Structures are given as structure tokens and as C-alpha cells.
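# Observations on the model geometry
Now for the letters of each chain:
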Amino acid sequence: MPVQEKNFWSTTVAPLAPAAPQALPDSVDVAIVGGGFCGLSAARALAKRGVSVAIFEAETFGWGASSRNGGMVLTGMKVPVPTLMKRYGRETVLKMYAASLESIDCVEQIVREERIDCNFSRCGHLEVACKQAHFDGYEASAALVKREFNHELRIIPKTELRSEIGSDIYFGGLVDETSAGLNPARYVAGLALAAQRAGASLHDHTRVEKVEATPRNGGRKFHLHTSGGAITAREVILASGAYTTEATPALRKKIIPIGSYIIATEVLPDDLARELSPRNRMIYDSKHFLYYYRLTPDNRMLFGGRAAFFPETENTVRQSAEILRRGMIAVYPQLREAKIEFVWGGTLDFTFDVMPHAGKIDGMYFAAGFAGHGVAAATWFGAKLAGLICGEPNDVPFDGITFLSAPLGLRSENTWALPLAGMWYRALDFFT
Ligand SMILES: Cc1cc2nc3c(=O)[nH]c(=O)nc-3n(C[C@H](O)[C@H](O)[C@H](O)COP(=O)(O)OP(=O)(O)OC[C@H]3O[C@@H](n4cnc5c(N)ncnc54)[C@H](O)[C@@H]3O)c2cc1C
């Protein structure tokens, strides 16, 4: 089969369409912009509490990063714990780390409660060290995580690495058994159906073009102009991630959209698949410009990375197929003859400090900046925003931390400096 420029996961799930086209209500309690994990998780949680909620997705539900990702449901955050401690202090970081663990439970609970058939499995993740110095740092990391968070990470020396991965290029590994894997397209489709069953009003192919606020009874009311008509709402949640548009300029300024690309091989024989990943882990390496990879439930090798830094276009997707294939063969020479059947790209929502953020912007609730942790984090943040709207106490440790705008040249509307950022990270990988 020739390489298809297509998201493999999307071939495993029927395109989701609401049962019948729904008329736009005149007003709702909560309007949500963006139908990925974050927006749908919020919609589900709100509708389950009897709140009237409409969710708008410019394309189809899950069309953004939520159906295109590696399906790795990961513990921890992108920023190393010692840096977090320096930035935010121990108490806040304890809450942040606890949130990262809770977010995986949150996904598991939704999958179970809503009976979402998405191959969720607590298979654990494996980080592999690309340099001896990276491996040498694992001992201190694991000790810190054990001491501060009472969370167990297991160090795998190079001599034992073959029990975890069928590759000899790494210097050792670090396993976290708490992480999980799933099929993201099936998960996001299941979330949409769950939100719909709970009573949320789902509107796909409906782009929010403008949001205006007018004062009302000492508070304010929002008017949303969408491609399907106008609607008013008491509260708005912005869950538009890396795909945030000019409709919400204040949030857009904060987001750095970074392209990431994935290839998937043909279905591999069972014994080869077991050799490549004996414990079926979610695997990523220790570089900034990293590779992440895993087996799919039908035994393909799914191999991703930032082959280009720009958000996806036909060109970047096509070029990525060969770049990633070379990367995959460097890790797994056993795959030299394996056919690549799929290649696709998606855009991640980074922020300047590489942290997730949530709270209010221009009077609207938002959550963004999940980077490579959004499967679990976006689900959790969506549920948390729903809780805040329903009057729950604000215990979100990412609310209120400094949230700088992205520098010019790295923002959605103008990304000319992204290749420079890419070069910077490649240089860091060379020297550190
Ligand atoms: C290639 C790739 C691999 C990844 N791998 C992993 C991984 O293995 N593990 C992990 O945890 N994370 C991973 N991520 C990140 C993760 O997928 C995201 O963080 C997560 O999906 C973000 O969810 P979201 O709901 O915030 O945004 P999205 O899923 O991007 O949804 C936002 C939606 O908003 C819609 N939208 C935007 N503006 C408007 C508007 N004005 N009106 C209507 N709709 C609008 C968009 O169409 C889009 O569908 C990966 C991402 C990519 C791209």
C-alpha cells in the first residue's frame, strides 16, 4: 500500500455526526469554543450537572490535535521538577504533580463510565536516555519524585533495556507504570457521544467568528457570532487549543502552535512487534527535539516527532514521512523493510513557559498549553472548568501562575521565528 497522507487513527472510527442536525438555541448557560478533549470533557461534565451547554466545533468533533496524537496518557509535566520547584514553590508543585496523576484517573473513569471502546490500558511509559549524561540524571529525578510526590519511577540500566525495548541505541531508561495508552480518535468520539447523551448541544462545522460581551446585572453576558447563527451565553469556555483563531485574540496571543508529525507502518508480525516493545509501553526519548513511539492495538509501529516545527501543511506532512522513517530505522533497524502506510501531522499548543494554564481571559474561562500531555491534561482541565462554573472551589494550581504572551514571530498569526526555535532546541540537544 502506498503511503497515505492520512491519520491512521481516523481509519479506526466512524466519522462522528450528531444524530440529527441540531438547531442553535437562542441562549445557553455555557457556550464552548472547540470540540476536542478539553471542550467535550467540559461539555459532558456540565451537561451531567443539568447546565445547558452548547459546544461549537469549526470542523468535526475531535478534528484538532485530539484525534491526531500518539494516544499516550502521561504522568508528569514537560518542565523538569527542579525547575518547577524554583518557579512555583514546593506547595504549588505538589498540587501540580498530583493533578497530573489525577488526570489519568479522570480519563480512566470517563472511559469506564461511558464504556468508550478505545483500547485504554495502563501499560506504563518508558523514557529512554539518548546520552549517558541523561541516564545519569535519572537516579536523582526518580529519588526526587519518590521523596516529594511518593510516586515510583523505575530505572532500567542499559544491560536490562532489552526487556523494555528492542533497540540498542539508548543508555538506559526510566519507567512509570502509572501512564496509559489509548486510541485517541475513538476516545474523543466516545467523549462527544457521552456529552451528547448527557444533554449537551453539539454543533460541528460551526465556527465561532466573534465573541462580544455586554454588561448585565452587574455581570456580563456573551454574544457569540458563529457560522451557524448567533447565540448568547452566561459563560464561555475557550477550548480551542493550538487552533485558536482571531475570534479570541487575547488567548491567541498566548499560544505557540508547534507542528508534530507521525508515521505508522504496515501491520507487523506478532513476534516482531513483541521484540520492538516487549511490554507495549508508550515510549519517548530524552531529547528536546524528541521522538515518541508505540505499537498500535493492531501491531503497527506508530512513530512521531517534530520533523518540522511549522504547523502541518501538505508539504510538511510529505517531508515528515521520510525524516521520521529515517529516525525510526535509527532506533529500530529491524524496521528497514517495513512499509510506511500512513503519515499525518497536527499542531500542539505550547505556551512560552511550556506550562498548561487555566483561568479567565477577557472574562471567559480557558485552558491551554497542554503540549505533549494533552490527552490526560485537556480532559482533566475541561472537567475542572466545568466544576468552577458550577461553583466548586478553585483548586487548580495552574490558575493564577504568570501567563506571558508568546513572543512575536512564535504566535499563531505569525510563526516566522518557529524554525529558529527549532534550531535552538536542536543545538540544546547537541550540547546537553
Ligand atoms: C501529532 C501530535 C501528537 C501528540 N501526542 C500526544 C500524546 O501522545 N499524548 C498527549 O498527552 N498529548 C499529545 N498531543 C497533544 C494533545 O493531542 C493535545 O494537547 C490535546 O489534544 C489538546 O486538546 P484540546 O481539546 O485542547 O484541543 P484540540 O483537540 O486541538 O481541539 C481544539 C478544537 O477547537 C476547534 N476550534 C478552534 N477555533 C475554533 C472556533 N473559532 N470555532 C469553533 N471551533 C474552533 C478546532 O477546530 C479544534 O478541533 C499530541 C498532539 C499532536 C498534534
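Refer to the structure printed above.
Residues numbered from 1 in each chain as written. Predicted model: local features only at pLDDT ≥ 70, side-chain atom pairs only at ≥ 80, totals over all residues. Heavy atoms only, no water.

### Some thoughts on the site of the ligand
- Around the ligand, a shell composed of 39 residues is seen, among which Glu-57, Ser-66, Met-72, Val-208 and Val-375 lie nearest.
- The contact in question runs from an oxygen atom of the ligand to an N or O atom on the backbone of Gly-64, over 3.1 Å.
- One of the side-chain nitrogen or oxygen atoms of Asn-69 is found 3.1 Å away from an oxygen atom of the ligand.
- Alone, the ligand offers 1,000 Å² of accessible surface; in the complex the protein occludes 98% of this.
- Among the elements of the structure, helix 1 (37–48), helix 2 (65–68), strand 13 (256–265), strand 17 (340–350) and helix 10 (374–389) are those that each provide at least two residues to the shell around the ligand.
- For the shell around the ligand, the element with the most residues is strand 17, which contributes 4 residues.
- Residue classes in the shell around the ligand are distributed as 18 nonpolar, 17 polar and 4 charged. (Near = heavy atom within 4 Å. Polar contact = N/O pair within 3.5 Å; in protein donor to acceptor, adjacent residues only side chain to side chain. Areas by Shrake-Rupley, 256 points an atom, 1.4 Å probe, with all protein chains shown as cover. Helix = DSSP H or I, 4+ residues; strand = E, 2+ residues; numbered from the N terminus. Nonpolar A, V, L, I, M, F, W, Y, C, P; charged D, E, K, R; others polar.)

### Regarding the side chain of Ser-260
- Here Ser-260 is to be found in strand 13.
- For Ser-260, a relative accessible area of 7% gives the class buried.
- In terms of polar contacts, Ser-260 uses its side chain to reach the side chain of Tyr-292, at 2.6 Å.
- Setting aside chain neighbours within four positions, we find Ser-260 in contact with Tyr-292, Gly-305, Arg-306, Trp-344, Gly-345, Gly-346 and Leu-348. (Buried < 20%, exposed > 50% of the residue type's maximum accessible area, 1.4 Å probe, protein only. Contact = heavy atoms within 4.5 Å.)

### Side note on the environment of Gly-241
- As for its position among the elements, Gly-241 is in the loop between strand 12 (229–238) and helix 7 (249–252).
- Relative accessible area serves as the criterion here: at 16%, Gly-241 is assigned to the buried category.
- Counting along the chain gives 198 residues from Gly-241 to Ala-43, while the straight-line C-alpha distance between them is 16 Å.
- Once residues lying within four places of it in the same chain are set aside, the contact partners of Gly-241 are Ile-255 and Asp-349.

### Description of the sheet that holds strand 7 (residues 172–176)
- Spatially, 9 strands are ordered 1-17-13-16-15-14-5-7-6 in an open sheet, and the strand pairing comes out mixed. One side of each edge strand has no neighbouring strand; the edge strands of this open sheet are strand 1 (4–5) and strand 6 (154–157).
- With 4 bridges joining them, strand 5 (residues 125–128) and strand 14 (residues 282–285) adopt parallel strand pairing. Paired with Val-128 across the strands is Asp-285, a residue of strand 14. (Pairing = 2+ DSSP bridges.)

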